[in-house]
Amino acid sequence: MNLFGEALRWIGDGSHWGGPGGIDTRIVQHLWVTFAAVGIAAVLAIPLGVLIGHTGRGRLVVVALAGAVRAVPTLGLLTLLGLAIGIGVEAPLLALVALAFPSLLAGAYAGIEAADPGAVDAARAVGMSEWQVVTRVEVPLGASVLIGGIRAATLQVVATATLAAYISDTGLGRYLFSGLKSRDYAQMLAGALLVAALALLLDLLMAALQRASSPTQGKVPS
Amino acid sequence: MGIEFRDVGKTYPDGTVAVTGFSCSIPSHRTLALVGTSGSGKTTLMRMVNRMVEPTTGTVLIDDRDVHELEKVALRRSIGYVPQAGGLLPHRRVVDNVATVPVLTGTTRRAARTAALQLLELVGLDPALGKRYPAQLSGGQQQRVAVARALAADPNVLLMDEPFGAVDPIVRRDLQDQLVQLQAELGKTIVLVTHDIDEAFKLGDQVVILRTGGIVAQTGTPQEILAAPADDFVRDFVGIGRAERSLQTVDVDGRNIVVDGSGRPVGVLT
Ligand SMILES: Nc1ncnc2c1ncn2[C@@H]1O[C@H](COP(=O)(O)OP(=O)(O)O)[C@@H](O)[C@H]1O
Ligand SMILES: [Mg+2]
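Residues numbered from 1 in each chain as written. Chains lettered and ligands numbered in written order. Predicted model: local features only at pLDDT ≥ 70, side-chain atom pairs only at ≥ 80, totals over all residues. Heavy atoms only, no water.

Helices and strands together make up the secondary structure of chain A, namely 10 helices and 0 strands. The linear arrangement of helices and strands in chain A, starting from the amino end, is α-α-α-α-α-α-α-α-α-α. For chain A, the spread of C-alpha atoms along the three principal axes comes to 65 × 45 × 30 Å. Going through the 222 residues of chain A one by one, you find that 46% of them count as buried. Relative to all contacts within chain A whose residues are 6 or more apart in sequence, the contacts with residues 24 or more apart total 75%. (Helix = DSSP H or I, 4+ residues; strand = E, 2+ residues; numbered from the N terminus. Buried < 20%, exposed > 50% of the residue type's maximum accessible area, 1.4 Å probe, protein only. Contact = heavy atoms within 4.5 Å.)

Given below as structure tokens:
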């Protein structure tokens, strides 16, 4: 009847905490997969996005490519990767990297492109090298848009990381899949609630970071 | 010595011919004013000096050295640059904006900041403004900061692209007066771009009037141009027919009063 209440009781039940399948362990796993996926994607996508934003070259190709990647359903990709690589965390991790990539890329080049062209030109004209223009002007000025990309990617990945449990014993998705199998709807809903809470928390954190990185935050009375 | 444009031309990749066969030189410690309507190639010419624009033909020399043979970044750091609308870094405090080039060339941040505060004073700003961010200053104050930044590495050459174009006329006059005063003290070699002929006459030792395509309509001192405008284009551009340009004297109680074309008194002939 009151499934919601049951789900909350399920979460509050001390026997569901601690140990290899405990909620705390699952949260740590879930976060680990999320950060690993966003981290790997960031290492690939952000430098590429910054390069595109800085040079204005290759934009169309990469945007089209990123769009194509975006159109691939993550579950389908995960199944394919799972068949190719086998059971384990690698396949979901790769699928999540692909999921995070477009948002990170878009955030990076949009951030760089949004940097005031007058300031960028002047920085170059007074004698900054291209590297200095990127690191001292374009990145700081584009930081909040760039972090916006990380924020969007994190939100997508933390929600979708639920799927990691589809082919591996990882993360909060486990409660959904095992709850589905055993018709333990309270456990399923508990899993969903935990994922939602985690996503919300991360998003709040990222939002704060984004605000703090705004180039003129707290510096200009508006 | 000084700056020399030797038969330079610039055609942009999209086919726009911005400058054709331009030659001109300005001795050290003098001001060259490039004046002309929008799109006449002034900015293009000025930016050839610090290699922000590479000419497609011809050469630019500073003190008889082809700038093309100099390393870009080092060249730019050795030349003061005041862009059209400030171009200050919005995420850095005023004092750090002024200190930009010295910090790039290895001066300690602390020493560069101390020097920057003195420069703010030199350009007529309260050093207390150093703590602010550019957006917290008025347009005129931002331009002063841009001038201070250009002076920070004590360059011999100063490039100024319509430095006072975006401020209101009263502030503009103030800034022009200050530049005249500064230049008397500092004696830089200046290339100044402006669309305002009065500014060109006020600040330029040598004035080049350009027409579209970077073609020279006339070169000369302000006196020479006023005395003998080359053609109707120059006459029109200089405003020879304008009331404030056609002065005459009238005798009032034995003194020569100068009046303009509409009879308004503007001064006394001494
Ligand atoms: N980067 C560029 N690419 C193509 N055309 C340009 C570029 N910069 C300037 N131009 C063109 O060259 C001409 C001269 O421009 P500019 O030197 O900026 O003139 P001014 O400073 O006198 O207004 C204009 O027609 C302008 O549109
Ligand atoms: Mg211009």
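Here the narrative resumes.
Residue and element names in this part refer to chain B. Surveying the vicinity of ligand 1 reveals the residues Y12, D14, T16, A18, T37, S38, G39, S40, G41, K42, T43 and T44. The separation between an oxygen atom of ligand 1 and a polar main-chain atom of G39 is 2.7 Å. A distance of 2.5 Å is found between an oxygen atom of ligand 1 and a side-chain nitrogen or oxygen belonging to T44. For ligand 1, whose unbound accessible area comes to 560 Å², protein coverage reaches 62%. For the shell around ligand 1, the leading source of residues is helix 1 (residues 42-49), giving 3 residues. When the residues that make up the shell around ligand 1 are grouped by side-chain class, the tally is 2 nonpolar, 8 polar and 2 charged. (Near = heavy atom within 4 Å. Polar contact = N/O pair within 3.5 Å; in protein donor to acceptor, adjacent residues only side chain to side chain. Areas by Shrake-Rupley, 256 points an atom, 1.4 Å probe, with all protein chains shown as cover. Nonpolar A, V, L, I, M, F, W, Y, C, P; charged D, E, K, R; others polar.)

UniProt feature "domain: ABC transmembrane type-1" (unreviewed entry): in the numbering of this structure it lies at residues 27-206 of chain A. Here residues 27-206 of chain A runs as 86% helix and 0% strand, with 18 Å between its end C-alpha atoms. (UniProt positions renumbered as here; feature names shortened; annotations may be inferred.)

Quick look at the domain arrangement of chain B now. It is common to give the size of an interface as the accessible area that goes away when the parts come together. Residues and elements named next belong to chain B. Domain assignment breaks chain B into domain 1 (3-240) and domain 2 (241-270). Relative to domain 2, the C-alpha centre of domain 1 lies at a distance of 34 Å. Contact residues are listed per partner, giving 7 residues for domain 1 and 4 residues for domain 2. A combined buried area of about 430 Å² lies between domain 1 and domain 2, and 33% of that area is made up of carbon and sulfur atoms. Looking only at domain 1, the three residues that lose the most surface to domain 2 are D198, G239 and I240, adding up to 70% of its buried area. Put simply, domain 1 and domain 2 have 2 salt bridges between them. The salt bridge partner of R245 is D198, with a shortest N-O separation of 2.7 Å. Looking at the side of domain 1 that touches domain 2, the element that brings in the most residues is helix 8 (residues 197-203), giving 3 residues. (Domains from an automatic or database assignment. Buried area = accessible area lost by both parts, 1.4 Å probe. Salt bridge = Lys/Arg side-chain N within 4 Å of Asp/Glu carboxyl O.)

Our focus in this paragraph is the pattern of salt bridges. The tally for this structure, following the rule as stated, stands at 17 salt bridges over all chains. The salt bridge involving B:R242 is made with B:D198; its shortest N-O contact spans 3.6 Å. Remark: B:D198 occurs in helix 8 and B:R242 occurs in the loop between helix 10 (232-238) and strand 11 (248-252); sequence separation between them is 44 residues. The exposure class of B:R242 is partly exposed, given its relative accessible area of 31%. Within the structure, one salt-bridge network assembled from shared partners comprises A:R26, A:D169 and A:R174.

Let us now look at the confidence of the model for chain B. Overall, the predicted model of chain B reaches an average pLDDT of 93, with 100% of residues at or above 70. Reported confidences for the modelled complex are a pTM of 0.88 and an ipTM of 0.89. (pLDDT = per-residue confidence, 0-100.)

Moving on to the interface of chain A and chain B. Taken together, the contact pairs 21 residues of chain A with 21 residues of chain B. Taking both sides of the interface into account, the surface hidden between chain A and chain B amounts to around 1800 Å²; carbon and sulfur atoms contribute 65%. With a closest N to O distance of 2.8 Å, B:R47 and A:D121 form a salt bridge. For the pair chain A and chain B, the interface holds 4 residue pairs in polar contact (both at pLDDT 80 or more). Going through the elements one at a time, helix 6 (117-125) and helix 7 (130-160) of chain A are the ones with two or more residues in the side of chain A that touches chain B.

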